[in-house]
Amino acid sequence: MSEKDKLLKIAQAKKQWEEGVLAKGLARLGQSTSPCRFYTPADMEDHDFLEDTGFPGQYPFTAGRNALPIHVPFWGRGKAHGVGKSVRHAFGYSGYGTPEDLRDYYIERAKGPAPAGGPNIAFDLPSQTGYDSDHELAEGEVGKVGVAVDTLADFETIYEAFTGDRDIDKIGSNWTVNGTTNIILAMYCALADKRGIPREKLSGTPQNDILKEFAARGTQVFPVEPSMRMTRDTISFCANNLPKMNWTSVAGYHMREAGATRVQAVAFAFVDAIAYLEEGLAAGLALEQFYKQMSFLNFGGGMEFLKEAAVRRAARKVWAKIMRERFNAAKPSLWTYKELGGGVAGYWPMTKTRPLNNLVRVALGAAFAAMIGEPPVCEPPFDEPLGLGHSNEARQLAADAARIIAEECKLMDVQDALAGSYYVESLTSRYEKEIFDIIAKVDELGGAVAAIKSGWVKERIVESAIAFQRQLDSGEQIQVGVNKYIEPDEIEILIPRNSPYKAERLADAQQRKIAALAELKKTRNAAKVAAHLEKIENAAKNPNENLIPLFIEAVKDMVSMGEICQALRRVFGEV
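Residues numbered from 1 in each chain as written. Predicted model: local features only at pLDDT ≥ 70, side-chain atom pairs only at ≥ 80, totals over all residues. Heavy atoms only, no water.

**Q** For the pairing of strand β4 (residues 203-206), give the residues involved together with the corresponding values.
**A** Alternating residues of β4 divide into Ser-203 and Thr-205 and Gly-204 and Pro-206, and every residue in both groups is buried. Handedness of the β-α-β unit built from strand β3 (residues 172-176), helix α8 (residues 181-195) and β4 comes out right-handed. (Buried < 20%, exposed > 50% of the residue type's maximum accessible area, 1.4 Å probe, protein only. Helix = DSSP H or I, 4+ residues; strand = E, 2+ residues; numbered from the N terminus. Right-handed = clockwise from strand over helix to strand, strands pointing away.)

**Q** Got a sec to walk through the packing of helix α9 (residues 210-217) against helix α12 (residues 262-282)? Specific residues and values, please.
**A** Close contact between α9 and α12 brings their axes to 9 Å; oriented N to C, the two are set at 150°. Accordingly, the angle class assigned to the pair α9 and α12 is roughly antiparallel. You can see that α9 and α12 cross each other, and the crossing is right-handed. Mapping the contact onto sequence places Ile-210, Leu-211 and Lys-212 in α9 and Asp-272, Ala-275 and Tyr-276 in α12. (Axes fitted to C-alpha atoms, helices over the stretch in contact; angles between N-to-C directions. Parallel < 35°, antiparallel > 145°, perpendicular 65-115°, else oblique. Left-handed = near helix turned anticlockwise from the far one by under 90°. Contact = heavy atoms within 4.5 Å.)

**Q** With reference to specific residues and values, describe the sheet that holds β3.
**A** Pairing is parallel in the open sheet, where four strands are placed in the order β1-β2-β3-β4. In this open sheet, the two edge strands, each paired with only one partner strand, are β1 (93-94) and β4. Set on the sheet, α8 makes contact with β3 and β4; between it and β3 the angle comes to about 155°. (Pairing = 2+ DSSP bridges.)

**Q** Run through unusual backbone geometry, naming residues and quoting values.
**A** With an omega of 15°, the peptide bond running from Tyr-59 to Pro-60 counts as cis. Looking at the secondary structure, you find Pro-60 in the loop between α2 (49-53) and α3 (71-75). For the bond running from Glu-379 to Pro-380, omega is 0°, close enough to zero to count as cis. Positive phi, close to 50°, is recorded for Asn-328, a residue that is not glycine. Mapped onto the elements, Asn-328 comes out in the loop between α14 (305-326) and β7 (338-339). Judged by relative accessible area, which is 59%, Asn-328 ranks as exposed.

**Q** Go over the side chain of Asp-209, please, and point to the residues and values.
**A** Among the secondary structure elements, Asp-209 is positioned in the loop between β4 and α9. Buried charge without a partner: Asp-209 forms no salt bridge, and the closest opposite charge is Lys-212, 4.5 Å away. Among all residues touching Asp-209, those that are not within four sequence positions of it are Asn-178, Thr-248, Ser-249, Val-250, Ala-251, Asp-272 and Tyr-276. (Lys, Arg positive; Asp, Glu negative; His and termini not counted. Salt bridge = Lys/Arg side-chain N within 4 Å of Asp/Glu carboxyl O.)

Rendered as structure tokens:
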């Protein structure tokens, strides 16, 4: 019997089942239609295992980007500790108050029994948007959603927590910053120079995904074209001077958090990544010179975990095709992307009401992540919506949930356990097509930059966000404890929360930061500052000049981030 005849036989048998056994079951329960669906091989009629799924670490990479997921051998088996222990003590995304506040936080956290690694620094909004703490637009925002950084002196203070066997040539640093990335990168290089550390030993990742800022997050500093010029500078500088430094972390996550659908989040992340790669090629670099320094954060997530798993699997396959067919990359090592992974539940589904429910949400998401070969990271901790950082209690519960998934449930023992599922495979194929359809539409519009400038990408995200909110308001979409099961007999369960941050320091953080900046401006060499800013402004007029070396020399003389951005605004304009 041919494969086609087998599928026809299955389809006929399913029809008989629907008209017989299923119909009787529905009638017995007083139902006219079934609220769920059963999938068979007939739903993946054209599926070819080798072409559509394949083996982990091998084209088309649907089953996994690596032959063995990187986190698995380092987790720790039996009584041995490894990632399973350090997951509790890693710094995580962190930052608040003044540089002194954050430095003290890192010093305290490093006293744990497991290595904490390097920092993952959150910056306050003025730092992200290129304003100093003493600017009028910074009023009320200094040190609020991250640490306030104005000058190299601030960077030096933060990194006082990282010396000796944890000096910056032995750790990786991560910075959630986009529009001011190159200034932060310049500060890191200047810090290394002061410590006598060769720049080529520096490793880390700035987010530096500027296109998604225009579409979703909103911390862009300059218009699109000069912003892409700054990205090109990052790519070239890292390729030629910082071989261990990633130059971006493409973040479909933020677009998903802003309201994009799961398919849109992947597709929009990919069109942005394509635009960045084209910038690197336009700068005269060969793909192999800079591709491996591109990373992805993740694509965000949601609560329909089978669908989230399917879109992640589709993403691997789509990107492999993009690299092989669009960029003509010959080496298989260029067909996959580096990704933090995990985070299948996303952050936006977390609720402020009945917040302990969030632990259930992220634990389920982490379990599905493990089943497609991604790390079972239970992010975010349950108290994400409650503010002022994640409590020690929430971090402990998140770490234990991941440990249970890995070591009690043993969900990391099988790679891509969902491979071969009729439903998941059919959904993976469907999402692959839908992702490519969006990429084709963006190409038709002239590419990511043109699609961003026209407002098309943002409009699609807003449309999706509105559609979801309407479903939530109508009750079509359920959030337990928010729009259902909210009667008086339901119980709000709370546990103690002890923040590793010193909340009292926030009260005068702005005052302390402005005072420190004023004192620094009094003692630095004003003539040198003026000379650096003139050089930067003149160089910015030449689109072929990389500005990062000028930033490095400027920050060494304590030229501030806000002053550099203001010089650039005079040339680039502002948004």
